[in-house]
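Examination of the molecular architecture
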Amino acid sequence: MQPSKGRPRGAGADQESRAEPLDGHAPVPAEEAGQLRYDDPWYDALASGWGESSSDGAQTQPMVPTARTEGETRAAAADVYLEVQRSAAFQEVRRRYRRFVVPASVAFFAWYVGYVVTATTAPELMARPVAGAMNVAMVAGLGQFLSTFLLTWAYARHARLRRDRAALELRWDTQELTRGVSGGGS
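Residues numbered from 1 in each chain as written. Predicted model: local features only at pLDDT ≥ 70, side-chain atom pairs only at ≥ 80, totals over all residues. Heavy atoms only, no water.

1. Examining the overall build of the chain
Scanning the chain from terminus to terminus reveals seven helices and four strands. In the chain, the succession of α and β elements from N to C terminus is β-β-α-α-α-α-α-α-β-β-α. Among the 186 residues that make up the chain, the fraction classed as buried is 14%. Excluding contacts between residues fewer than 6 apart, the proportion of contacts in the chain whose partners are at least 24 apart in sequence is 48%. (Helix = DSSP H or I, 4+ residues; strand = E, 2+ residues; numbered from the N terminus. Buried < 20%, exposed > 50% of the residue type's maximum accessible area, 1.4 Å probe, protein only. Contact = heavy atoms within 4.5 Å.)

2. So, the environment of A137
Checked against the element boundaries, A137 lands in helix α7 (residues 136–182). Taking relative accessible area as the criterion, A137 reaches 22% and is therefore assigned partly exposed. In this structure, the C-alpha to C-alpha distance between A137 and E124, residues 13 residues apart in sequence, is 9.9 Å.

3. Here's the deal with the environment of Y112
Within the secondary structure layout, Y112 lies in helix α5 (residues 88–121). Sequence separation between Y112 and Q144 is 32 residues, and the spatial gap between their C-alpha atoms is 7.2 Å.

4. Observations regarding the packing of aromatic side chains
Applying the stated criterion to the full structure yields one aromatic pair. For the ring pair F100 and Y155, a centre distance of 6.0 Å and an interplane angle of 50° mean the geometry is tilted. Of this pair, F100 sits in helix α5 while Y155 is found in helix α7, placing the two residues 55 residues apart along the sequence. (Phe/Tyr/Trp six-rings, centres within 6.5 Å; stacked < 30°, edge-to-face > 60°.)

5. Description of α5
The first and last C-alpha atoms of α5 sit 48 Å apart over 34 residues, in line with the 50 Å expected at 1.5 Å per residue. Residues of α5 that are buried include every one of V93, F100, V101 and A104, and no others. (Expected span 1.5 Å × (residues − 1).)

6. A word on the pattern of salt bridges
Taken as a whole and judged by the stated rule, the model has three salt bridges. The partner of R96 in a salt bridge is E92, with the nearest N and O atoms 3.1 Å apart. Note that R96 and E92 are positioned in helix α5 at a spacing of four residues, about one turn of the helix. Given the relative accessible area of 29%, R96 is considered partly exposed. Taking relative accessible area as the criterion, E92 reaches 25% and is therefore assigned partly exposed. (Salt bridge = Lys/Arg side-chain N within 4 Å of Asp/Glu carboxyl O.)

Okay, here's the thing in structure tokens:
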């Protein structure tokens, strides 16, 4: 067997059930290794400003939250999210989303069901040749693929032009409000 860090693979149940430590700390049990821990210094590092270097090259220290209990912070954060959800800006983003997605979904579903129903109820129509070996069924099937790509492009374009900027502004406002509630800051 191939050695792994000086140990043969499969040498024992305990060796296989533990995650390999890479930073010199004690190994973490495998059942905990895949779980996200909030005391991890790399968790959300860029969003919170932790671990970023200051201009002189020294690491910045994290902001210490105020002495709030966890329950108070959760309740206050929930109030912030409810306030944002009720805001006119959030409602406008949701309205723009629904204005595109509902008609597009209905049209695409109708096109798909129409193709399937026509293929099963009118096989002689679908077998009609269009050009060479291509028949109506093949053209309609390829049209399904084409319409999927077109709908994906249209959705991405609509999101970029009509929703992304407003949604990003809402996200930043919400993060600032929740950061203020929990006592942190950047």
